[in-house]
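As a plain string of letters, each chain reads:
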Amino acid sequence: MTDKAEREDGSRRKSITLYAGVFLAGVLALAALLLSSVAYQRDKEFIDHEYYLSERSVANVSEQIRIYIEKERRIARLTADTHGRDFQRLATFPDNQPRETELWAEVKAAMPIARNFTLADASGALLLGDDAMNVGPRCQNDISYFASHGHPDEVFIHSNPPGGIGNHIDLVVDVNEPGDARFLFVSLGLEELTDILAKGAAHRHELNLVRTDNPHLELTSAGLPADSSTATADKIILSSSASTLVPGTRWELIDVIDPALIEENRNTLIFNSVISFLVFALVCIPLILLIKREEKRRMAAEGALREANNELEQRVTARTAALIESQSELEYLVAHDPLTGLVNRSKFEEELGKTLETARFSQLEGALLYIDLDQFKVINDTAGHIAGDF
């Protein structure tokens, strides 16, 4: 192989290495872009799905809370209508403990999660002993509001002092039976309401009930909040994914997605994308190396073929030169006498014809010298032709 061919092979190897590197980098960049696009799209779809779950959750749970409150109101009205005469008798004789116990049993049978009940007159004044019923100041405010403004459409959560009935919601209904008692006031525990929130919350979501007139957190799907301050309510409102007002209450139902949920999903997508990219790279690199090895084999085969061609060309050139030389010798032998090296008769006649033709057209004269040896035949006959040639 010539130096020029070796330089060309070296240049081609460098070009192939460069092209293979550029191709590999391009393929990996394209794969990274594709994986990033897929991860981004899946992250967006996941977030959209979680927001969809939030919207469905607040809509369904809000309706369940409305139905629950309406159901308890209907039961309270039915209880007030069914036992109206007994409630009026208890209002007239509030110290009648057996009757109070009997009525409490009826209320408890109709409303198992009831914590307490009391009666009030048209002005909102309590008719039963507060010591027995543990009616807190917030509950008394509800009764006064109901007496002043008629039937309220809102309910909200109250807490009682230590030793009271605990956190609850209050329902107020009319007592239609004539007498001193005008309103039946029933306090309900939060068990069923908390259960509705807990079962209605999507995975890694939290449903929160926030007061609208005096913003603070009242209840969550995990139970009573550790902090119900206005700042906490504002934080929940700002981080909400979906919210709606709960009919018949002063609540706004807010769904909050666990921030770690989206972050964990995003980290999972990134991790999976990186693993996929590394696997793809591990597959691509051997393929590139295999292509490069095959290219080297092809170049080696081309080099061997080129050397064979060069060798063949050299042989053909040498053979051609030998043929030309043989042709020249044949042509010489055809036109010359091998002994004397002088032109033979056919060549002499050819040259003589050319000279005569030239003299005819050029009007020139020429001369012919003829030399003959006398008795040369005697030498050939007596000594032989070989001797005569010498």
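Residues numbered from 1 in each chain as written. Predicted model: local features only at pLDDT ≥ 70, side-chain atom pairs only at ≥ 80, totals over all residues. Heavy atoms only, no water.

**Re helix α5 (residues 137-149)**
Side chains three or four residues apart in an α-helix point the same way, a direct result of the helix having 3.6 residues per turn.
Phase 1: With 13 residues, α5 extends 18 Å between its outermost C-alpha atoms, agreeing within 8% with the 18 Å of an ideal straight helix rising 1.5 Å per residue.
Phase 2: The set of residues buried in α5 consists of C139, D142, I143 and F146. Looking straight down α5, one finds its buried side chains confined to an arc of 95°; they lie on one side. In α5, the exposed positions that point more than 90 degrees away from the buried face belong to P137, N141, S148 and H149. (Helix = DSSP H or I, 4+ residues; strand = E, 2+ residues; numbered from the N terminus. Expected span 1.5 Å × (residues − 1). Buried < 20%, exposed > 50% of the residue type's maximum accessible area, 1.4 Å probe, protein only. Arc of directions from axis to C-beta.)

**So, the packing of helix α2 (residues 84-92) against helix α3 (residues 97-110)**
Phase 1: Contact geometry of α2 with α3 gives a least axis separation of 10 Å together with a crossing angle of 145°. Handedness of the α2/α3 crossing: left-handed. Of the residues in α3, those touching α2 at D86, F87, R89 and L90 are R99, E100, L103 and V107. (Axes fitted to C-alpha atoms, helices over the stretch in contact; angles between N-to-C directions. Left-handed = near helix turned anticlockwise from the far one by under 90°. Contact = heavy atoms within 4.5 Å.)

**Thoughts on helix α8 (residues 259-335)**
Phase 1: With 77 residues, α8 extends 110 Å between its outermost C-alpha atoms, agreeing within 8% with the 114 Å of an ideal straight helix rising 1.5 Å per residue.
Phase 2: Those residues of α8 not exposed but buried are L261, I262, N265, L269, S273, A281, C284, I288, E295, M299, G303 and A335.

**Comments concerning the pattern of salt bridges**
Phase 1: Tallied over the full model, the rule gives 16 salt bridges.
Phase 2: Across the salt bridge formed by E63 and R66, the nearest N and O atoms sit 2.5 Å from each other. A residue pair is termed a helical-turn pair when its members lie 3 or 4 positions apart in one helix, as E63 and R66 do in helix α1 (residues 3-82) at three residues.
Phase 3: The salt bridge involving D86 is made with R89; its shortest N-O contact spans 3.7 Å. Taken together, the residues D86 and R89, both in helix α2 and three residues apart, mark about one turn of the helix.
Phase 4: Each of K71, E72 and E192 takes part in one network of salt bridges that share partners. (Salt bridge = Lys/Arg side-chain N within 4 Å of Asp/Glu carboxyl O.)

**Considering the nonpolar core**
Phase 1: Counting residues in each nonpolar core, the largest one holds 40 residues, and the members touching the most others are I65, L119, L184, L188, L209 and W251.
Phase 2: Per-element accounting of this core gives the leading share, seven residues, to α1.
Phase 3: In this structure, L188 is in contact with Y68, E72, M111, I113, A114, R115, H168, I169 and L171, ignoring residues within four places of it in sequence.
Phase 4: Residues C139, F146, V172 and F183 belong to the second largest nonpolar core, which totals eight residues. (Core = buried A, V, L, I, M, F, W, Y, C linked by side-chain atoms within 4.5 Å.)

**Brief notes about the confidence of the model for the protein**
Phase 1: Looking at the protein, pLDDT values average 81 and 84% of them are 70 or higher.
Phase 2: The spread of mean pLDDT over the elements of the protein runs between helix α4 (residues 130-133), the lowest at 49, and helix α6 (residues 191-200), the highest at 92. (pLDDT = per-residue confidence, 0-100.)

**Overview of the sheet that holds strand β7 (residues 242-245)**
Phase 1: Within the open sheet, the four strands sit side by side as β6-β5-β8-β7. Their pairing is antiparallel. Of all the strands in the sheet, the pair left with one neighbour each is β6 (217-220) and β7. Pairwise comparison of adjacent strand axes, ignoring direction, gives a mean angle of 25° for this sheet.
Phase 2: Sheet topology places strand β5 (residues 205-211) next to strand β8 (residues 251-257); seven bridges connect them, and they run antiparallel. Paired with N208 across the bridge in β8 is I254.
Phase 3: In this fold α6 packs onto β5, β6 and β8, with an angle of close to 65° to the strand it touches most, β6. (Pairing = 2+ DSSP bridges.)

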